[in-house]
Each structure stands twice: as structure tokens, then as C-alpha cells.
Amino acid sequence: AKPREPVARCLYDRERIMNDMTNTGTVGALVGGFALSIFDRPFSLDSLEFSTGIIIFLSVHLCTFSALSSAIIYRRVNAMSDEDAEKFAVKWAHVMKLPQGVFVMGCLCYLVGVILLGIVNNGGLDAHKSYVVAFSLCGGACCVMIGWMLAFVH
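Residues numbered from 1 in each chain as written. Predicted model: local features only at pLDDT ≥ 70, side-chain atom pairs only at ≥ 80, totals over all residues. Heavy atoms only, no water.

Asks: Help me understand a negative patch on the surface in this model?
Replies: Side chains of Glu15, Asp82, Glu83 and Asp84 sit close together on the surface and give a patch of like negative charge. It is helix H3 (residues 82-91) that contributes the most residues to the negative patch, three residues altogether. Among the secondary structure elements, Asp82 is positioned in helix H3. (Patch = residues over 30% accessible without salt bridge, like charges linked within 9 Å, V, L, I, M, F, W, Y side chains within 5 Å. Areas by Shrake-Rupley, 256 points an atom, 1.4 Å probe, with all protein chains shown as cover. Salt bridge = Lys/Arg side-chain N within 4 Å of Asp/Glu carboxyl O. Lys, Arg positive; Asp, Glu negative; His and termini not counted. Charge placed at Lys NZ, Arg CZ, Asp CG, Glu CD. Helix = DSSP H or I, 4+ residues; strand = E, 2+ residues; numbered from the N terminus.)

Asks: I'm lost on the environment of Asn78 in this one. Help?
Replies: Residue placement: Asn78 occurs in helix H2 (residues 47-78). Among the residues examined, Asn78 registers a relative accessible area of 39% and is labelled partly exposed. In the structure, Asn78 is positioned 61 residues away from Ile17 in sequence and 9.3 Å away in space, judged by C-alpha atoms. With residues near it in sequence (within four places) discarded, Asn78 still touches Arg14 and Met18. (Buried < 20%, exposed > 50% of the residue type's maximum accessible area, 1.4 Å probe, protein only. Contact = heavy atoms within 4.5 Å.)

Asks: Is there a simple way to explain the side chain of Thr24 in this structure?
Replies: By secondary structure assignment, the location of Thr24 is in helix H1 (residues 14-39). With a relative accessible area of 4%, Thr24 lands in the buried category. Among the polar contacts listed, one links the side chain of Thr24 to the backbone oxygen of Asp20, at a separation of 2.9 Å. Within the local environment of Thr24, its side chain forms a polar contact with the side chain of Gln100, the two groups lying 3.1 Å apart. Contact partners of Thr24, with chain neighbours within four places excluded, come to Ser66, Ser70, Pro99, Gln100 and Phe103. (Polar contact = N/O pair within 3.5 Å; in protein donor to acceptor, adjacent residues only side chain to side chain.)

Asks: How do you make sense of the packing of H2 against helix H4 (residues 93-121) when you look at a structure like this?
Replies: If you want to describe how two helices pack, look at the angle between their axes and the distance between the axes. Packing of H2 against H4 leaves a shortest axis separation of 7 Å and a crossing angle of 155°. The orientation of H2 with respect to H4, classified from their angle, is roughly antiparallel. Considering how the two elements wind past one another, H2 and H4 form a crossing that is left-handed. Residues belonging to the contact of H2 with H4 are distributed by class as follows: 24 nonpolar, seven polar and one charged. (Axes fitted to C-alpha atoms, helices over the stretch in contact; angles between N-to-C directions. Parallel < 35°, antiparallel > 145°, perpendicular 65-115°, else oblique. Left-handed = near helix turned anticlockwise from the far one by under 90°. Nonpolar A, V, L, I, M, F, W, Y, C, P; charged D, E, K, R; others polar.)

It is worth stressing that arrangement in space is one thing and function is another; only the former is reported here.
This is how it looks when you write it as C-alpha cells:
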């Protein structure tokens, strides 16, 4: 008879949950604060500038939501035993993914907002100012590569 395969442990142990929520909440608050400092300027009703303001607004709120939901989950899990935390994480797996998913959306809005703000501050899309777009695309490509590495490279 073949020996039994060991049962895989849950990926959601209490320590991992708390570390993940701490990291997501902290960085979400930082990025949301950066976005809020950009949002502290008047935006005209010009379509590009107005779009920039809306995207920065979304970034502030998504990152704040990420930080708050991380803090709420952290507090809840901190009051549980290790076994209860694992059960909670399995039962509420969709809730456990929420802070990270909202954080990624907030960061993407922040990056797009910064790119658009650079374009707005340099006079809009003009053939003579295409270097702004080129540098923005390079920076965005670097961020996408870092995100890909974090998500898929083990």
C-alpha cells in the first residue's frame, strides 16, 4: 500500500493573515495619502483635467477602503485562536481577498492619475511634449512588470 500524502496546511494561518492585512493596510494608507495630496488642487472642467481629478478621487477612496477593511479584518482575526482564524479565512475567503483587490485598483488609479497629471501640467497632449507620455509609459511598464513578478514569480 502507498503511504498517505500529507494533508496540506491551510494557506490562511493566523500569522499570515495578520501580516498580509498589516502590509496591505499600511501601504494602502500611504498611497491614499499621496493621492489625497494630489487631489488638494483645483481641477478645471477640461475633459483631461476633470478625468484626472476623478481618477485621483477614486484612488483616494479605494486605498482608504483597503486600509480600513484590512484594519477591520486584522482586529477580528487578532481576537481569534489559530484554528478559528483558519476556519474564518476559509469560510470568508472572498472577504479575505477584498483589501488586496481594492488596493490594486487604487494603486492603478493612482498611477494613471499621476500620468494624466503629468500630461495636464505640461500643457496637454502635444507633439512637442510627447516625452511626458513616453516617460509615463516607461514608468507604467515598470510598475506592471513589478506587479507581474509579485503575482506570478515564486
